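Understanding the architecture of this molecule
Residue-level listing of the chains:
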Amino acid sequence: MADQFAQTRREGRPAGTPVIRWQEPPEGPVVVLLDQTRLPAEEVELVCTDAPALVEAIRSLAVRGAPLLGIAGAYGVALAAARGFDVEDAARALENARPTAVNLSVGVRRALAAYRAALAATGDPRRAAPAALAAARQLHQEDARASARMAEHGLALLDELLPGGSHQILTHCNTGSLVSGGEGTAFAVALAAHRAGRLRRLWVDETRPLLQGARLTAYEAARNGMAYTLLTDNAAGSLFAAGEVDAVLVGADRIAADGSVANKVGSYPLAVLARYHHVPFVVVAPVTTVDPDTPDGASVEIEQRPGHEVTELMAPQAPVTVAGGGLPVAPLGTQAYNPAFDVTPPELVTAIVTEDGVVSPVTAAGLAELCARSRASTAGQRP
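Residues numbered from 1 in each chain as written. Predicted model: local features only at pLDDT ≥ 70, side-chain atom pairs only at ≥ 80, totals over all residues. Heavy atoms only, no water.

1. Topic: the sheet that holds strand 9 (residues 254–256)
For sheets, the rule is that strands pair by backbone hydrogen bonds, running either parallel or antiparallel. If you trace the four strands from one edge of the open sheet to the other, you get 12-9-10-15, paired in mixed fashion. A single partner strand is all that each edge strand has here, and the edge strands are strand 12 (290–291) and strand 15 (341–344). Relative to strand 10 (residues 261–264), strand 9 runs antiparallel, the two sharing two bridges. Each bridged residue has a counterpart across the sheet, and for Ile-255 the counterpart in strand 10 is Val-261. In the packing of helix 9 (residues 267–276) onto the sheet, the strands contacted are strand 10 and strand 15, and the crossing angle to strand 15 comes to about 30 degrees. (Pairing = 2+ DSSP bridges. Helix = DSSP H or I, 4+ residues; strand = E, 2+ residues; numbered from the N terminus. Contact = heavy atoms within 4.5 Å. Axes fitted to C-alpha atoms, helices over the stretch in contact; angles between N-to-C directions.)

In structure tokens, the structure reads:
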């Protein structure tokens, strides 16, 4: 049974405060996360005392974003181990919580592998639990470092593609510190451009139906003092036509072996617009988002979200998982098509930026070479 409770932060979240963390109060270890369904109206933390509670938080989008889902999955395995629950069952439930985001399964499997190795060596589940936690903490730290390197590589690419600075960047969904152990993926690049004085404006797609752009990216842009403007998703075309977009920066939830990019629904139309208007379309994601076991975009399992997310408007203060709890915007009984993601083919992607370098043009061979180089580098760094 899922066991979680909410606690309201008395003050605003200071810069650098993690959106997910491990705590060990007297009553036992917990995973604490910022409930993103309540932003920007209020900053409320969810305290998860078992893996089912974390699964529920993942499915409800209280915690979201590819890199952060990997971290959450790893901490979920560690939580099950520390609490003495069935670790294998917890890992399966966590890994299946959201099917499209490959980072979730990467994080779960990494912590689970550490736990299994320690259990085989000691024969004692209690002595194996710290190994899972150590793996989760290491993944958390690695993601923060990866975020910084992606920002560095991405800014260098922007300067190469758009010499002279004063960039007008369009972004979709939310890819900042709310999805990462660091400052994010695509948003981190825009933030680096802002700090370097080379960002003229960040165009923020509202990102229907759950408004992650309006609620979360605008929240992060405002906190960082960036010049930003919010627009409806269907207004993007007029911006391109007016010559007001210099580059599109998005994240990714899964990158197939051929370079197809699964990302928040609405990304593919932006790629089509960008190609027509000769604007770079750049994907920013850690190497862990590349899934060599998924050969192409057609092989990506696309998560289908509940229809009420489209037929009702939910206030940020209300959990988005409660059907009937929002303001109806369609007749009762209306069916809704609500895929969480779409797939952009590699030929529409100008470049994929990772912590270990940039792939451009985007090809299966280029991605495979990058991943091999990354694995060799990681193997040499890990204890």
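2. Points about the UniProt feature "active site" (unreviewed entry) in the protein chain
In this numbering, the UniProt entry assigns the feature "active site" (unreviewed entry) to Asp-253. Inspection of the secondary structure puts Asp-253 in the loop between strand 8 (247–250) and strand 9. Contacts of Asp-253, omitting those with residues within four sequence positions, involve Ala-66, Thr-100, Ala-101, Val-102, Asn-103, Ala-262, Asn-263, Lys-264, Thr-289 and Phe-341. (UniProt positions renumbered as here; feature names shortened; annotations may be inferred.)

3. Section: the packing of helix 3 (residues 87–95) against helix 4 (residues 102–122)
Two numbers describe how helix 3 lies on helix 4: the axes approach to 9 Å, and their chain directions differ by 170 degrees. One way to sum up the angle between helix 3 and helix 4 is to call them roughly antiparallel. Together, Val-87, Glu-88, Ala-91, Leu-94 and Glu-95 of helix 3 and Leu-104, Ser-105, Val-108, Arg-109, Leu-112, Tyr-115 and Arg-116 of helix 4 make up the contact between the two elements. A breakdown of the residues in the contact of helix 3 with helix 4 according to their chemical character gives seven nonpolar, one polar and four charged. (Parallel < 35°, antiparallel > 145°, perpendicular 65-115°, else oblique. Nonpolar A, V, L, I, M, F, W, Y, C, P; charged D, E, K, R; others polar.)

4. Points about helix 9
When helix 9 is considered as a whole, its buried residues turn out to be Ser-267, Leu-270, Ala-271 and Ala-274. Projection of helix 9 onto a plane perpendicular to its axis shows the buried side chains occupying an angular sector of 100 degrees, all on one side. Among the residues trailing helix 9, His-278 stands out with phi positive, at a value near 60 degrees. (Buried < 20%, exposed > 50% of the residue type's maximum accessible area, 1.4 Å probe, protein only. Arc of directions from axis to C-beta.)

5. Considerations on helix 1 (residues 51–59)
By the burial criterion, the buried members of helix 1 are Ala-51, Ala-53, Leu-54, Val-55, Ala-57 and Ile-58. Just past helix 1, the residue Leu-61 takes up positive phi, approximately 70 degrees.

6. Observations concerning the environment of Asp-143
For Asp-143, the location among the structural elements is in helix 5 (residues 125–161). Between the alpha carbons of Asp-143 and Asp-233 there is a distance of 29 Å; along the sequence they are 90 residues apart. In this structure, Asp-143 is in contact with Pro-67, Ile-71, Ser-180, Gly-181 and Gly-182, ignoring residues within four places of it in sequence. In terms of polar contacts, Asp-143 uses its side chain to reach the backbone amide nitrogen of Gly-181, at 2.6 Å. (Polar contact = N/O pair within 3.5 Å; in protein donor to acceptor, adjacent residues only side chain to side chain.)

7. Focus on the UniProt feature "site: Transition state stabilizer" (unreviewed entry) in the protein chain
UniProt feature "site: Transition state stabilizer" (unreviewed entry): in the numbering of this structure it lies at Cys-173. Looking at the element boundaries, Cys-173 is found in the loop between strand 5 (167–171) and helix 6 (186–195). When sequence neighbours within four positions are dropped, the list of residues in contact with Cys-173 reads Arg-64, Thr-207, Gln-212, Gly-213, Thr-217 and Lys-264.

8. Re the pattern of salt bridges
For the coordinates displayed, the defined rule picks out 16 salt bridges. Residue Arg-38 pairs with Glu-42 through a salt bridge whose shortest N-O separation is 3.1 Å. A relative accessible area of 25% means that Glu-42 is categorised as partly exposed. (Salt bridge = Lys/Arg side-chain N within 4 Å of Asp/Glu carboxyl O.)

9. Concerning the nonpolar core
Here is a general trend for soluble globular proteins: nonpolar side chains tend to be buried in one another's company. Counting residues in hydrophobic clusters, the biggest one holds 49 residues, and the most contacted among them are Ile-20, Leu-33, Ile-58, Tyr-75, Val-77 and Leu-94. Take this core: its biggest share by element is 11 residues, from helix 2 (residues 66–83). (Core = buried A, V, L, I, M, F, W, Y, C linked by side-chain atoms within 4.5 Å.)

10. Focus on the packing of aromatic side chains
The full count for this structure, using the stated rule, is one aromatic pair. Between the aromatic rings of Trp-22 and Tyr-75, the centroid separation amounts to 6.2 Å while the plane-to-plane angle is 25 degrees, which identifies the pairing as stacked. Taken together, the residues Trp-22 in strand 2 (residues 20–23) and Tyr-75 in helix 2 connect sequence positions 53 residues apart. Judged on exposure class, the residue Trp-22 and its partner Tyr-75 are both buried. We note Lys-264 situated over the ring of Phe-341; from NZ or CZ to the ring centre the distance is 5.0 Å. (Phe/Tyr/Trp six-rings, centres within 6.5 Å; stacked < 30°, edge-to-face > 60°. Lys NZ or Arg CZ within 6 Å of the ring centre and 35° of its normal.)

11. A closer look at the sheet that holds strand 16 (residues 351–354)
Pairing is mixed across the open sheet formed by seven strands, whose spatial order is 7-6-5-8-11-16-17. Looking at which strands have only one partner, the edges of the open sheet turn out to be strand 7 (228–231) and strand 17 (357–359). The sheet shows a mean angle of 25 degrees between the axes of neighbouring strands, taken without regard to direction. Each of strand 5, strand 6 (199–205), strand 8 and strand 11 (281–284) is contacted by helix 6, which is oriented at about 155 degrees to strand 6, the strand it contacts most. Relative to strand 6, helix 7 (residues 212–223) is tilted by about 160 degrees, and along the sheet it contacts strand 5, strand 6 and strand 7.

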